[in-house]
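Each chain is listed here by its residues.
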Amino acid sequence: MGFEVISKKELSNFKKFIKTKRALLYLNDDKLLKIFNTKPYLNSYSKNRLSDIANFQVIDCQEKVLMEVSKIKEKEFVIPNNILYKDEVVTHNLIGYDMEYLKEYVKLEEFLLNNKLSFNKKIKLSEKLCEIFIGLEKYKISYWDIHASNVMTDGNELRVIDIDSVTSKDSSGEFTYRVDLSCSYSNLASLILSILYDVDENYLLQQIKSGKINPLLKKNELFKSVIEFDGRIFYPNKYLNNFTEEYIEETRKLILKK
């Protein structure tokens, strides 16, 4: 990963792609720029005022995160090519990073909406997601923002974006790392359940939080890890064998209330 100074003029050559609560995304050819939006009520983003975007306390931590993710060598993760700075390469001038633009890919959320997967393909997809995210443990890194919009697919390969949503054991300490690791696997479990049941993940979580999930489902370890989150390190892949087509067909109506 490199370091690059990007001027307001250079940024203006990029087409603004989308504005989120956390960042401004710019697109140009095969490159995507993520410019951090650390001010909740930033109202000058359209003028590309980079000095209004950077916030030292947040950026100082963000730089450490980006340096940690540069250690990841797995092809499924879209690692930043360069950390971007304004004026000069010093911490308080950090404004974001650039990465590969996956123009042939769509969000997993969109792919699942438009493609009917067989039970076996759902299981294989779930196994692959577990392999990808649990595999980060060898780097002492956890990816906590797991959901179907942060995973891209071309129908075959999976790629994880928003790579700054991680916690490193080396920079954050053992306790914070383990807490975020347990959260990440709970999020992974909810994503897997939404895939297996063809249910929108947000709807599934709403059902769980409302207490409408049938008590019978609490006997299933994967559901239990989401319903009764207790902070333990839980590996969803160990419980995929508990699911069969018949079991899902029988229990799906308990979720959909049909």
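Residues numbered from 1 in each chain as written. Predicted model: local features only at pLDDT ≥ 70, side-chain atom pairs only at ≥ 80, totals over all residues. Heavy atoms only, no water.

Looking at the confidence of the model for the protein chain
With 90% of its residues at a pLDDT of at least 70, the protein chain reaches an overall mean of 86. Of the regions scoring below 50 in pLDDT, residues 40-48 engages in 14 contacts with residues more than four places distant in sequence or in other chains. The low-confidence segment residues 51-57, where pLDDT is below 50, has 19 contacts with residues more than four positions distant or belonging to other chains. (pLDDT = per-residue confidence, 0-100. Contact = heavy atoms within 4.5 Å.)

Re unusual backbone geometry
A positive phi angle, near 55°, is found at Asp-162, a position not held by glycine. By the secondary structure assignment, Asp-162 is in the loop between β10 (158-160) and β11 (166-168). For Asp-162, a relative accessible area of 13% gives the class buried. Look at Asp-198: it is not a glycine, yet its phi comes out positive at around 55°. The topology assignment puts Asp-198 in the loop between α6 (174-197) and α7 (201-209). (Helix = DSSP H or I, 4+ residues; strand = E, 2+ residues; numbered from the N terminus. Buried < 20%, exposed > 50% of the residue type's maximum accessible area, 1.4 Å probe, protein only.)

Let's talk about the sheet that holds β10
Strand order in the open sheet made by the 3 strands is β7-β9-β10, with antiparallel pairing throughout. Lying at the two open borders of the sheet, with one neighbouring strand each, are β7 (106-107) and β10. Alignment of strand β9 (residues 151-153) against β10, held across 3 bridges, turns out to be antiparallel. Residue pairing across strands places Met-152 opposite Arg-159, the latter belonging to β10. (Pairing = 2+ DSSP bridges.)

Considerations on the pattern of salt bridges
Inspection of every chain in the model, using the stated rule, returns 18 salt bridges. Glu-76 is paired through a salt bridge with Lys-128; the nearest N and O atoms lie 3.2 Å apart. Residue Glu-76 is found in the loop between α2 (56-69) and β5 (82-85), and its partner Lys-128 is found in helix α4 (residues 119-134); the two are separated by 52 residues along the sequence. Judged by relative accessible area, which is 10%, Glu-76 ranks as buried. Exposure remark for Lys-128: the relative accessible area of 27% places this residue in the partly exposed category. Among the ionic contacts, a cluster of salt bridges with common partners joins Lys-75, Glu-76, Lys-128, Glu-131 and Glu-157. (Salt bridge = Lys/Arg side-chain N within 4 Å of Asp/Glu carboxyl O.)

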